[in-house]
Amino acid sequence: MSVRLFAPYLGEEELNEIRDSFAKSWIGLGEKVAAFESAFSEYLNCKNSIGVNSATAGLHLALNAFKFNKGKKVLVPDITFASTAFASVYNGLEPVFVDVNEDTVTISIDDLIKKYSKDCVAVMPVHYGGQPAEMEKITDFARDNNLKVIEDCAHTIGASYKDKKLGLWGEVGCFSFEEKKAMTTGDGGMICTNDDGIAERIRAPRWLGIDKDTYKRSSGYTSINELDVKHWYYDINELGFKYNMNDLSAAIGLVQLKKLDWMNKRRSEIIRKYLDLMKDLNYTKPILPFEPENYSYWLFGVRCGKRDELIKYLKSKKISTGVHYVPLTQVNYFKQWKSDCPVAENIWNEFVTLPLHVMLTDKEIQLVVDSLYEFEKKNY
Ligand SMILES: Cc1ncc(COP(=O)(O)O)c(C=O)c1O
């Protein structure tokens, strides 16, 4: 038995919703995707939500909507998952790696201003672990410099920053439902925007650029309200991708969305417990200025100067850990766009992600914290 790092929280309700899709014998892009998109829009209070098969696909399509000239540049934080930076490469654009703030691990405004050039067309802030990026400063700078803002919300769903929902600060927000995230659909993502024009430029390319989706065309086969002999006809006006969400994922998502507030609250309670129990540690400090009562975190972790020894010690106690993330400027593929990010380079060596999921028990939390104290006693 070991303490898991992340775990999806799934039950009979999700299975029942999947059974409903089986009963209808429709598991592709269909009415459940549409229902999940509406429910998500209602939850976030935004005009348009578009379901896709991952946040990676969502970030690709979000940038694609602006048809930037090839070779232009996109500002991304150095500490993030590769998908944030890949989105620019998929679009023939160049990532510009911006350093992070030491305390919040979100994109540094000072370095953003330093790295900005006239070739930059967009900025993609990441709410690292659920810690909001400084969106008011980012959107002000973006407005003054004609940059589009695409929020990578893979690590948080439902929280607000300065009274505005994360995901709605920029032109587009992209959420992830990958299995470890705040809520899951197995794999999946949602692209959200209040701009109808942008939504339109995202909807067609997510399904091969086809201007009518299968579900709508299929109803034309038999519906007596649609006596259009050309119901089967569609056109393609641009390069498209096979990035749609399917009804099986949406079935899970519909139920997960109903549980989301509770799951966010439960994760917040666990973080509060961790913080209270860890108060007297001297060399092992929380990675972020966690405010679990105000924001929704997906990740909990500590900074420790003896990172690798700590990981080994926790492993000996059967406690799973992770490191989020190796800065992208240090990853082979991205070295071609290397830029100086001294803070990221310095702090990531101390990162240890600790177990956080809604099923984590008090006993497991205590074991993790006791192990941290024992480690300090033995190693300092
Ligand atoms: C910051 C960030 N952006 C994007 C993604 C991509 O999400 P997905 O796995 O849904 O493609 C992840 C996934 O872990 C992530 O952490």
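Keep in mind that this is a model prediction, so the values were computed, not measured.

If you check the shell around the ligand, you find 17 residues, and the closest are Thr56, Asp152, His155, Ser176 and Lys181. Between the ligand and the protein, one listed contact pairs a nitrogen atom with a side-chain N or O atom of Asp152 at 2.7 Å. The side chain of His155 places a nitrogen or oxygen atom 2.7 Å from an oxygen atom of the ligand. Contact with the protein chains removes 93% of the 390 Å² of surface that the ligand exposes when unbound. Of all elements in the fold, only helix H3 (55-64) and helix H4 (82-90) reach the threshold of two or more residues within the shell around the ligand. Among the elements that take part in the shell around the ligand, H3 stands out by supplying three residues, more than any other.

The next subject is the domain arrangement of the protein chain. On domain assignment, one finds that the protein chain holds domain 1 (12-258) and domain 2 (261-379). Computed over C-alpha atoms only, the centres of domain 1 and domain 2 are separated by 27 Å. In this assembly, 38 residues from domain 1 lie in contact with 31 residues from domain 2. Taken together, both faces of the contact between domain 1 and domain 2 bury some 3100 Å²; the carbon and sulfur share is 60%. The interface formed by domain 1 and domain 2 includes one salt bridge. Between Arg303 and Glu102 there is a salt bridge whose closest N-O contact spans 3.0 Å.

With that settled, consider the packing of helix H1 (residues 12-24) against helix H9 (residues 247-277). Where H1 meets H9, the axes come as close as 8 Å, and the angle between the chain directions of the two elements is 150°. H9 is crossed by H1, and the crossing has right-handed handedness. Of H9, the residues touching H1 (which contributes Glu13, Glu14, Glu17, Ile18, Ser21 and Phe22) are Asp247, Leu248, Ala251, Ile252, Leu254, Val255, Gln256 and Lys259. Looking at the contact of H1 with H9 residue by residue, the class counts come to seven nonpolar, two polar and five charged.

Looking now at the sheet that holds strand E2 (residues 73-77). Spatially, E1-E9-E8-E5-E4-E2-E3 is the arrangement adopted by the seven strands of the open sheet, whose pairing is mixed. Because the sheet does not close on itself, it has two edges, and the strands there are strand E1 (48-52) and strand E3 (94-98). Sheet twist, expressed as the mean angle between neighbouring strand axes with direction ignored, is 25°. Summarising the sheet, strand E4 (residues 120-123) and strand E5 (residues 148-153) pair through two bridges and their orientation is parallel. Across the sheet, the residue bridging to Val123 is Val149, located in E5. With respect to the sheet, H3 is in contact with E1, E2, E4, E5, strand E8 (172-176) and strand E9 (189-193), its orientation differing from that of E8 by roughly 165°. Each of E1, E8 and E9 is contacted by helix H7 (residues 196-206), which is oriented at about 20° to E1, the strand it contacts most.

Let's shift gears to the side chain of Thr284. With respect to the element layout, Thr284 can be found in strand E10 (residues 284-286). Judged by relative accessible area, Thr284 falls into the buried class, the value being 1%. At a separation of 2.9 Å, a polar atom in the side chain of Thr284 contacts the side chain of Glu376. In contact with Thr284, not counting residues within four places along its chain, are Met278, Val302, Arg303, Cys304, Leu310, Leu372 and Glu376.

What counts, and at which threshold
- Residues numbered from 1 in each chain as written.
- Predicted model: local features only at pLDDT ≥ 70, side-chain atom pairs only at ≥ 80, totals over all residues.
- Heavy atoms only, no water.
- Near = heavy atom within 4 Å.
- Polar contact = N/O pair within 3.5 Å; in protein donor to acceptor, adjacent residues only side chain to side chain.
- Areas by Shrake-Rupley, 256 points an atom, 1.4 Å probe, with all protein chains shown as cover.
- Helix = DSSP H or I, 4+ residues; strand = E, 2+ residues; numbered from the N terminus.
- Domains from an automatic or database assignment.
- Contact = heavy atoms within 4.5 Å.
- Buried area = accessible area lost by both parts, 1.4 Å probe.
- Salt bridge = Lys/Arg side-chain N within 4 Å of Asp/Glu carboxyl O.
- Axes fitted to C-alpha atoms, helices over the stretch in contact; angles between N-to-C directions.
- Left-handed = near helix turned anticlockwise from the far one by under 90°.
- Nonpolar A, V, L, I, M, F, W, Y, C, P; charged D, E, K, R; others polar.
- Pairing = 2+ DSSP bridges.
- Buried < 20%, exposed > 50% of the residue type's maximum accessible area, 1.4 Å probe, protein only.

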